Amino acid sequence: MRKNRNFVKKLVLYTFLVMMAVVWFIPIFTLLATALKNKADFFTMSLFQLPEVPAWSNFSNAVTQGRLFNYMANDLLICCLKVPLGIFVASMVAFALTRLNIKHSTGIFIFFLIGMMLPMQTALVPINIIYSELNLLNTYFGLFYVYIAFGLSYAILVMRGFMRGIPSDIDQAAYIDGCSRWRLFWSIILPITKPAIATLIITDFLATWNEYLLASVIINDSAKKTVPVGLMTFIGEHAIDYGYLCAGVFISVVPVILVYLIFQRYFVEGMAGAVKG
């Protein structure tokens, strides 16, 4: 009787998981199906129907005419600079809040969390005015700086939550062995937080790669545009070639999928540790 119940539970669970997998796969399939259609196929065929003759030219046109690889290179440069530095700064702040017994650590943490409550739109005008005075418009540094500022609150939230779950006995043992605070942070605490770091790499890379609003305001030079802003140039003034546009979108999501596949084994552990903390 118990075996039958376990079998039924597993059957229900796996059926539910398969259904959820299908639901999550549908957008990817429709994106690919649309990317393989020409203009005539898009208006005459079903959304879920693959064309008899795939329009592979949509992908080549997205790369050549749309200059998609140039936009992806710009976005990748920003992500490779912003994500590691943002996580490093957040790790140091979280280390100070959880391991150094500083005064008013909770108040300081709440101060950082307030940044998550401020809508990005409220900062557009001040950022534009300040950047105009400092000649930071149309520069990667200007975009890089605000990305770190807006991403810092969430990164501190995750890193602080994970570090609070690390026993303080480790600190005492390290200090007895003559370990400095920097050595404690760099050689002991930071390696333990690998799951949280991997989680932030995925979420921060995704957020930076897909960010449109700030990039559209700060970057106007077509040679420096990021992927979301660059994809907007795929839309014509009077008509939209959806196959051409979807081909560009499909290519642009490949780096994000690769980053997730590389770090996904730590993702659940990192989020669980952050919530427990």
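Undergrad: How should helix α7 (residues 140-164) be read in this particular structure?
TA: Two residues of an α-helix separated by three or four positions point the same way, owing to the 3.6 residues in each turn. With 25 residues, α7 extends 35 Å between its outermost C-alpha atoms, agreeing within 8% with the 36 Å of an ideal straight helix rising 1.5 Å per residue. Its axis deflected by about 45 degrees at Leu 152, α7 carries its strongest bend there.

Undergrad: Which parts of the structure should I look at to understand helix α6 (residues 124-134)?
TA: Along α6, the residues classified as buried are Leu 124, Ile 127 and Tyr 131. Each buried residue of α6 lies within a common arc of 65 degrees when the element is viewed along its axis, so the set occupies one face. Relative to its buried face, α6 has exposed residues pointing more than 90 degrees away, namely Val 125, Ile 129 and Glu 133. Check the buried side of α6 and you find it contacts α7 and α11 (213-218).

Undergrad: Please clarify how the packing of aromatic side chains should be interpreted in this entry.
TA: We describe a pair of aromatic rings using the distance from one ring centre to the other and the angle between the two ring planes. As enumerated under the stated definition, the model contains 15 aromatic pairs in all. Taking the centre distance of 6.4 Å and the plane angle of 35 degrees together, the rings of Phe 25 and Phe 29 count as tilted. Within this pair, Phe 25 and its partner Phe 29 are both found in helix α1 (residues 2-35), separated by 4 residues, close to a single helical turn. Note on Phe 29: relative accessible area 26%, which makes it partly exposed. Ring centres 6.0 Å apart and planes at 35 degrees place the aromatic pair Trp 56 and Phe 59 in the tilted group. Taken together, the ring pairs connect Phe 88, Phe 95, Trp 182, Phe 185 and Trp 186 into an aromatic cluster. Here the guanidinium or amino end of Arg 160 rests over the ring plane of Phe 109, the centre of that ring lying 3.9 Å away.

Undergrad: How should I be thinking about a nonpolar patch on the surface in this particular structure?
TA: A grouping of Leu 13, Tyr 14, Phe 16, Leu 17, Met 20 and Trp 24 is seen on the molecular surface, where their side chains present a nonpolar patch of about 690 Å² in accessible area. Within the secondary structure, Trp 24 sits in helix α1. Among the residues examined, Trp 24 registers a relative accessible area of 64% and is labelled exposed.

Undergrad: Got a minute to help me understand the nonpolar core in this structure?
TA: What tends to happen in soluble globular proteins is that the nonpolar side chains get buried as a cluster. Leu 68, Ile 156, Met 159, Met 163, Phe 205, Trp 209 and Phe 234 are the most contacted members of the largest nonpolar core, which has 49 residues in total. Per element, the largest residue contribution to this core is 11 residues, and it comes from helix α4 (residues 68-99). Look past the residues within four positions of Trp 209 in its chain and what remains in contact with it is Met 72, Asp 75, Leu 76, Cys 79, Val 227, Pro 228, Ser 252, Pro 255 and Val 256. Formed by 14 residues, the second largest nonpolar core is a distinct cluster that contains Leu 124, Tyr 131, Val 146 and Ile 218.

Reading guide: rules and limits
- Residues numbered from 1 in each chain as written.
- Predicted model: local features only at pLDDT ≥ 70, side-chain atom pairs only at ≥ 80, totals over all residues.
- Heavy atoms only, no water.
- Helix = DSSP H or I, 4+ residues; strand = E, 2+ residues; numbered from the N terminus.
- Expected span 1.5 Å × (residues − 1).
- Bend = angle between axes of the 7 residues up to and from the residue.
- Buried < 20%, exposed > 50% of the residue type's maximum accessible area, 1.4 Å probe, protein only.
- Arc of directions from axis to C-beta.
- Contact = heavy atoms within 4.5 Å.
- Phe/Tyr/Trp six-rings, centres within 6.5 Å; stacked < 30°, edge-to-face > 60°.
- Lys NZ or Arg CZ within 6 Å of the ring centre and 35° of its normal.
- Patch = residues over 30% accessible without salt bridge, like charges linked within 9 Å, V, L, I, M, F, W, Y side chains within 5 Å.
- Areas by Shrake-Rupley, 256 points an atom, 1.4 Å probe, with all protein chains shown as cover.
- Salt bridge = Lys/Arg side-chain N within 4 Å of Asp/Glu carboxyl O.
- Core = buried A, V, L, I, M, F, W, Y, C linked by side-chain atoms within 4.5 Å.

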